[in-house]
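Summary of structural features
If you want the building blocks of each chain, they are given just below.
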Amino acid sequence: MRFDVITLFPELFAPFLASGVTRRAYESGQVEVKLWNPRDFAPGNYKRVDDRPFGGGPGMVMMAEPLSSCLDAVMAARRDAAPVVLFSPVGEVLRHAAVEGWATSIGAVLVCGRYEGIDQRFIDARVTHQISLGDFVLSGGELPAMALLDAVARLQPGVLGDEASHVQDSFNPALDGLLDCPHYTRPEQWRSEGVPAALMSGHHAQIERWRRDQRLAITAAHRPELIDAARAAGRLNKADEAVLKKKL
Ligand SMILES: C[S@@+](CC[C@H](N)C(=O)[O-])C[C@H]1O[C@@H](n2cnc3c(N)ncnc32)[C@H](O)[C@@H]1O
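Everything quoted here is computed from the prediction, not taken from an experiment.

In this section: the sheet that holds strand β2 (residues 32-36). Pairing in this open sheet of 5 strands is parallel, and the strands run β2-β1-β6-β5-β7 from one edge to the other. At either margin of the open sheet sits one strand with a lone partner, and together these are β2 and β7 (129-132). With strand direction ignored, the average angle separating the axes of adjacent strands in the sheet is 35 degrees. Judged from the 3 bridges that link them, strand β5 (residues 84-93) and strand β6 (residues 107-111) form a sheet pairing that is parallel. Among the inter-strand pairings, Leu86 is bridged to a residue of β6, identified as Val111. In the packing of helix α3 (residues 64-78) onto the sheet, the strands contacted are β1 (2-6), β2, β5 and β6, and the crossing angle to β1 comes to about 165 degrees. Contacts from helix α6 (residues 142-153) reach β1, β2, β5, β6 and β7 within the one sheet, and its direction differs from that of β1 by about 170 degrees.

So, in structure tokens, the structure goes:
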């Protein structure tokens, strides 16, 4: 799997790619990441990549040609028909199901916008997918690109220390798309607070039931639409429904 990131700030990626548990995926090439700077494809001494918006107004717009030349070089190096993803508030908000799709794909070219955005003619001609990180505006597409790379890398086999780890995370279909349960660690008593008795019981079934109940209660309280989705998919059993009825 290979991701080519087109960014005016490739240096932002160095600490990200070298840190944390997902570093293994990038270093081993399990998730290969190549960085490309459109400035290297801009003509002239000034290597200009942006200009003022037609029609006036504040800020600058990324020019189509340096981006397009850069993308040509990426495609020539890849020699496949990789999707071209632009991070943009216009796109569909990134969710677990889409991350799972990217995690089993050939990868993609990730285009990071800056300034007021990118000349629309480049988007129309070359971009195949648009992804948003949420209903807010960032200064660039680099953080969304890192978010996608991180979410994809942690789903790769062997990347997390414990194979079962990501399967127990929020939104995972293995846990019926519910939110994660609370976690506790030592000390057993912290200030005036103890640890829920079920977790200290040593009974596997009791612990699992407690965790399931917590997932249900937290999801119902914070993201009730995820409960509706689990129910519609036939993923809630009678015991689950009884817990939900008691909590609500
Ligand atoms: C300052 S923003 C441009 C915002 C644009 N003028 C607008 O109002 O939608 C610069 C770049 O950051 C990225 N960006 C900003 N917010 C984003 C979001 N919520 N999701 C994904 N990318 C985002 C995009 O690549 C965008 O081109």
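Structure shown, so let's carry the discussion forward.
Of all residues adjacent to the ligand, which total 19 residues, the nearest are Phe87, Glu116, Leu133, Phe136 and Leu138. Within the backbone of Gly113, an N or O atom sits 3.1 Å from an oxygen atom of the ligand. Taking 580 Å² as the accessible area of the ligand by itself, protein coverage stands at 80%. Mapped onto the shell around the ligand, the elements with two or more residues apiece are β5 and β7. The residue inventory of the shell around the ligand, partitioned by class, reads 9 nonpolar, 8 polar and 2 charged.

So, on to the pairing of β6. Burial of β6 is extensive: 5 of the 5 residues sit out of reach of the surface. Residues Gly107, Val109 and Val111 point to one face of β6 and Ala108 and Leu110 to the other, with burial holding for every one of them. With 5 bridges connecting them, β1 and β6 associate as parallel partners. In the sheet register, Val5 faces β6, and the bridge partner there is Leu110.

Turning our attention to the nonpolar core. Residues Val5, Phe13, Tyr26, Leu110 and Leu149 are the most contacted members of the largest nonpolar core, which totals 26 residues. Where this core is concerned, the elements lending two or more residues are β1, α1 (13-17), α2 (23-28), β5, α4 (96-103), β6 and α6. Looking at this core, the element that brings in the most residues is α6, giving 6 residues. Residues within four places of Phe13 in sequence aside, it is in contact with Val5, Thr7, Leu35, Cys112, Glu142, Ala145, Met146 and Leu149. Core analysis: the next-biggest nonpolar cluster, separate from the first, contains 19 residues, Ile6, Leu67, Ala82 and Val84 among them.

Before going further, it helps to examine the domain arrangement of the protein. Under the domain assignment, the protein is made up of domain 1 (2-153) and domain 2 (170-247). Placing a centre on the C-alpha atoms of domain 1 and another on those of domain 2 gives a separation of 37 Å.

As a further point, take unusual backbone geometry. Trans peptide bonds make up most of the peptide bonds, and negative phi angles are found at most residues other than glycine. Cis rather than trans, the peptide bond between Arg186 and Pro187 has omega equal to 5 degrees. Phi angles above zero are rare outside glycine, and Arg79 is one such case at about 55 degrees. Looking at the element boundaries, Arg79 is found in the loop between α3 and β5. Its relative accessible area of 77% is what places Arg79 among the exposed residues. Phi is positive for Tyr115, close to 60 degrees, though the residue is something other than glycine. Structurally, Tyr115 can be placed in the loop between β6 and α5 (120-126). The class for Tyr115 is partly exposed, based on a relative accessible area of 37%.

Turning our attention to helix α10 (residues 238-247). For α10, the full list of buried residues reads Asp240, Val243 and Leu244. Each buried residue of α10 sits inside an arc of 95 degrees when the element is viewed along its axis, so together they form one side. Facing away from the buried side of α10 by more than 90 degrees, the exposed set consists of Lys238, Lys245 and Lys246. For α10, the capping residue at the N-terminal end is Asn237, with a side-chain oxygen 3.1 Å from the backbone nitrogen of Ala239.

Per the stated rule, a full pass over the model turns up 18 salt bridges. For the salt bridge of Asp4 with Arg2, the shortest nitrogen-to-oxygen distance reads 2.9 Å. Accessibility assignment for this pair places Asp4 and Arg2 in one class, buried. Across the salt bridge formed by Arg209 and Asp213, the nearest N and O atoms sit 2.8 Å from each other. With Arg209 and Asp213 both in helix α8 (residues 204-222), this residue pair falls 4 residues apart, about one helical turn. A network of salt bridges, in which partner residues are shared, links Asp176, Arg209, Arg212, Asp213, Arg235 and Asp240.

Parameters and conventions
Residues numbered from 1 in each chain as written. Predicted model: local features only at pLDDT ≥ 70, side-chain atom pairs only at ≥ 80, totals over all residues. Heavy atoms only, no water. Pairing = 2+ DSSP bridges. Helix = DSSP H or I, 4+ residues; strand = E, 2+ residues; numbered from the N terminus. Axes fitted to C-alpha atoms, helices over the stretch in contact; angles between N-to-C directions. Contact = heavy atoms within 4.5 Å. Near = heavy atom within 4 Å. Polar contact = N/O pair within 3.5 Å; in protein donor to acceptor, adjacent residues only side chain to side chain. Areas by Shrake-Rupley, 256 points an atom, 1.4 Å probe, with all protein chains shown as cover. Nonpolar A, V, L, I, M, F, W, Y, C, P; charged D, E, K, R; others polar. Buried < 20%, exposed > 50% of the residue type's maximum accessible area, 1.4 Å probe, protein only. Core = buried A, V, L, I, M, F, W, Y, C linked by side-chain atoms within 4.5 Å. Domains from an automatic or database assignment. Arc of directions from axis to C-beta. Salt bridge = Lys/Arg side-chain N within 4 Å of Asp/Glu carboxyl O.

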